[in-house]
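# Examination of the molecular architecture
One letter stands for each residue in the lines below.
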Amino acid sequence: MSTTSAPATLLPAETAAALAADPDEWLPRVRLSPQGRWYERLHRDEDHEIWLISWLPGQSTGLHDHGGSRGAFAVALGSLEERDLGGTREVTPGQVRAFGAEYIHEVRNVSTAPAVSVHVYSPPLTTMHRYELSADGELIPLARETAEQW
């Protein structure tokens, strides 16, 4: 699948899975950064966008939403842990996590090795909100980010 002409007919989960399974499309682009997750937008059109993200051990997104976009992510290399308001799960190579427009989660690398993932959002991201979870399980809004900040 060429990232410059990603088919609009595929759902975010199908697109993420197909690209994650094709390392020739993403492996030469990957960078690792001890300062934080490295990411690159691979594709954007009116319908969707695709991001490639690399994770060193300990790196995390923090709890966030996707500003009303639905989407999916697939692990291409290594493993990641996803935490949502319902629990925590490990996501390994070839696995895909799809989500709706109201989904709130955190993704992190809790392993001892780097990881790479592919993320697809439809429509493209315009805002994201960051949250904290209080000790009693209450969701506390922390910040709003816009696409210009990425």
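Described in the following lines is the structure provided in the data block.

Calculation rules
- Residues numbered from 1 in each chain as written.
- Predicted model: local features only at pLDDT ≥ 70, side-chain atom pairs only at ≥ 80, totals over all residues.
- Heavy atoms only, no water.
- Helix = DSSP H or I, 4+ residues; strand = E, 2+ residues; numbered from the N terminus.
- Buried < 20%, exposed > 50% of the residue type's maximum accessible area, 1.4 Å probe, protein only.
- Contact = heavy atoms within 4.5 Å.
- Polar contact = N/O pair within 3.5 Å; in protein donor to acceptor, adjacent residues only side chain to side chain.
- Pairing = 2+ DSSP bridges.
- Salt bridge = Lys/Arg side-chain N within 4 Å of Asp/Glu carboxyl O.
- Arc of directions from axis to C-beta.
- Axes fitted to C-alpha atoms, helices over the stretch in contact; angles between N-to-C directions.

Looking only at helices and strands, one finds 2 helices and 11 strands in the chain. When its helices and strands are written in sequence order, the chain yields α-α-β-β-β-β-β-β-β-β-β-β-β. Counting all 150 residues of the chain, 43% fall into the buried class. For the chain, contacts bridging at least 24 residues in sequence account for 63% of all contacts bridging at least 6.

What follows deals with the side chain of serine 122. As for its placement among the helices and strands, serine 122 is situated in strand 9 (residues 115–122). Here serine 122 falls in the buried class, since its relative accessible area comes to 7%. Separated by 2.8 Å, the side chain of serine 122 and the backbone oxygen of aspartate 47 make a polar contact. Aside from chain neighbours lying at most four places away, what touches serine 122 is Pro12, Asp47, His48, Ser69 and Arg70.

Once that is clear, we can look at the pairing of strand 9. Burial of strand 9 is extensive: 8 of the 8 residues sit out of reach of the surface. Taking every second residue as pointing to the same face, both faces of strand 9 are buried, with Ala115, Ser117, His119 and Tyr121 on one and Val116, Val118, Val120 and Ser122 on the other. Direction of pairing for strand 2 (residues 49–55) relative to strand 9: antiparallel, over a ladder of 7 bridges. Considered in strand 9, the bridge of serine 54 is made with valine 116. In the sheet, strand 4 (residues 70–77) pairs with strand 9 via 7 bridges, with the strands oriented antiparallel.

All chains considered together, the criterion is met by 9 salt bridges. Residues arginine 108 and glutamate 81 are paired through a salt bridge, measuring 2.7 Å at the closest nitrogen-oxygen approach. On the criterion of sequence distance, the pair formed by arginine 108 in strand 8 (residues 105–108) and glutamate 81 in strand 5 (residues 80–84) is long-range, its members being 27 residues apart. By relative accessible area, which is 23% here, arginine 108 ends up partly exposed. Here glutamate 145 ties to arginine 130 by a salt bridge, and the two come within 2.7 Å at their closest N and O atoms. Of this pair, glutamate 145 sits in strand 11 (residues 139–146) while arginine 130 sits in strand 10 (residues 127–133); the two residues are 15 residues apart in sequence, bridging distant segments of the chain. Residue glutamate 145 shares its accessibility class with arginine 130, and that shared class is buried.

This part takes up the pairing of strand 1 (residues 38–44). One ladder, built from 6 bridges, connects strand 1 with strand 2; its direction is antiparallel. Looking across to strand 2, one finds that arginine 44 is bridged to glutamate 49. Taken together, strand 1 and the strand that follows it, strand 2, pair antiparallel across an intervening segment of 4 residues.

Our focus in this paragraph is helix 1 (residues 12–20). Among all positions in helix 1, only Pro12, Thr15, Ala16, Leu19 and Ala20 are buried. Projected down its long axis, helix 1 carries its buried residues within an arc of 125°, all on one side.

Right, let's get into the sheet that holds strand 2. Strands sit in the order 1-2-9-4-7 across an open sheet of 5 strands; the sheet is antiparallel. Unpaired on one side and paired on the other, strand 1 and strand 7 (96–99) mark the two borders of the sheet. In this sheet, neighbouring strand axes are inclined to one another by 15° on average, regardless of whether the strands run parallel or antiparallel. Helix-sheet contacts for helix 1 involve strand 1, strand 2, strand 4, strand 7 and strand 9, and the interaxial angle to strand 4 is about 15°.

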